[in-house]
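In case you want the letters, here they are:
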Amino acid sequence: SVPATTEVIGIAAFYKNKNLITVNINSPTTTGINPQAFKESANLETIYMPYIKSIAASTFADCKKLANVTMPTETIDNLGQTMFSGCSSLKSITLPKVVLETFNASSFFAECRALESVELPTNTTQIGFRMFDTCKALTNLDLTKTSVEKIGSYSFMYTPVSLTIPSTVHTIETYAFTKNTGVF
């Protein structure tokens with residue numbers, strides 16, 4: 001457990017830490033996690049952080065055993081790009097509402113090969129560059145409950161997802177569905 005007096009977890013604070021299995025950040029005092037704080041923590045399986053307000057880029061990237069994530073259920077101020085990229089054991093997640101100006105979804109779930117289920121917040125306006133690239137187990141995604149206007153380049157490359165593209169979408173960028181075997 002992170003001590004209750006901790007306000008922020010620093011850049012790469014636990015980078016490549018092989019001893020972490022479960023991280024419990026259960027204090028309203030701890031509001032931020034800086035870039036790469038837990039990146040490549042080889043044995044990290046569970047993260048519990050119900051009060052976090054800001055999570056920076058690559059915080060959990062390449063945590064291959066990460067399977068359980070508890071995040072705030074209300075609005076969060078910031079979610080950084082590549083946050084869960086390469087988390088090959090992550091099967092499902094519900095993302096909280098995010099202040100839209102601070103959500104950069106680039107490569108957010110790229111190469112999360114076990115990812116089967118994602119619940120996107122209703123205020124999601126874009127599927128970022130490589131957001132779901134190579135998510136081999138993701139076969140269905142409901143975008144109709146979102147406000148998606150743009151589907152970025154390589155968003156669903158090598159991902160067998162079936163989805164309905166909502167009428168709110170006005171831009172589908174290059175290679176968005178390259179090598180996709182899903183149904184539209």
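Refer to the structure presented above.
Below, the structure is looked at part by part. (Residues numbered from 1 in each chain as written. Predicted model: local features only at pLDDT ≥ 70, side-chain atom pairs only at ≥ 80, totals over all residues. Heavy atoms only, no water.)

## Regarding the sheet that holds strand β6 (residues 68-70)
Each strand in a sheet pairs with another by means of backbone hydrogen bonds, the pair being arranged parallel or else antiparallel.
Logical step 1: One open sheet accounts for three strands, arranged β2-β4-β6; its pairing is parallel. Bordering the open sheet on either side are β2 (22-24) and β6, each of which pairs with just one other strand. Between one strand and the next, the sheet's axes are offset by a mean angle of 5°, whatever the strand orientation.
Logical step 2: With three bridges joining them, strand β4 (residues 46-48) and β6 adopt parallel strand pairing. The partner of Ile47 across the bridge, within β6, is Val69. (Pairing = 2+ DSSP bridges. Helix = DSSP H or I, 4+ residues; strand = E, 2+ residues; numbered from the N terminus. Axes fitted to C-alpha atoms, helices over the stretch in contact; angles between N-to-C directions.)

## Let's talk about the side chain of Ser41
Logical step 1: With respect to the helices and strands, Ser41 occurs in the loop between β3 (32-33) and β4.
Logical step 2: A polar atom in the side chain of Ser41 sits 3.1 Å from the backbone oxygen of Phe14.
Logical step 3: With near-sequence residues (within four places) excluded, Ser41 lies in contact with Phe14, Lys16, Asn17, Leu20 and Cys63. (Polar contact = N/O pair within 3.5 Å; in protein donor to acceptor, adjacent residues only side chain to side chain. Contact = heavy atoms within 4.5 Å.)

## Some remarks on the nonpolar core
Proteins that are soluble and globular tend to have nonpolar side chains buried together.
Logical step 1: With 49 residues, the main nonpolar core has Phe60, Phe84, Phe109 and Phe132 as its most contacted residues.
Logical step 2: When residues no more than four places from it in sequence are discounted, the contact partners of Phe109 are Phe84, Ser85, Leu90, Ile93, Leu95, Leu115, Val118, Met131, Phe132, Asp133 and Cys135. (Core = buried A, V, L, I, M, F, W, Y, C linked by side-chain atoms within 4.5 Å. Buried < 20%, exposed > 50% of the residue type's maximum accessible area, 1.4 Å probe, protein only.)

## Thoughts on the sheet that holds strand β1 (residues 8-9)
Logical step 1: Here four strands make up an open sheet; going across it, the order is β1-β3-β5-β7 and the pairing parallel. The open sheet has two edge strands with one neighbour each: β1 and β7 (78-79).
Logical step 2: Where β1 lies against β3, two bridges are found, and the strand directions are parallel. The residue bridging Val8 from the neighbouring strand is Gly32, located in β3.

## Description of the side chain of Ser27
Logical step 1: Structurally, Ser27 can be placed in the loop between β2 and β3.
Logical step 2: Once you skip the residues sitting within four places of it in the chain, Ser27 turns out to touch Ala4 and Tyr51.

## A closer look at the environment of Ser92
Logical step 1: Secondary-structure assignment places Ser92 in strand β8 (residues 92-94).
Logical step 2: Ser92 gets classed as partly exposed once you look at its relative accessible area, which sits at 42%.
Logical step 3: Between the alpha carbons of Ser92 and Ile9 there is a distance of 25 Å; along the sequence they are 83 residues apart.
Logical step 4: Residues within four places of Ser92 in sequence aside, it is in contact with Leu115 and Ser117.

## Some remarks on the environment of Pro50
Logical step 1: One can find Pro50 in the loop between β4 and β5 (54-55).
Logical step 2: The spacing of Pro50 and Ile127 is 77 residues in sequence and 24 Å in space, taken between C-alpha atoms.
Logical step 3: Beyond its immediate stretch of four places on either side in the chain, Pro50 contacts Ile25, Asn26, Thr70, Met71 and Pro72.

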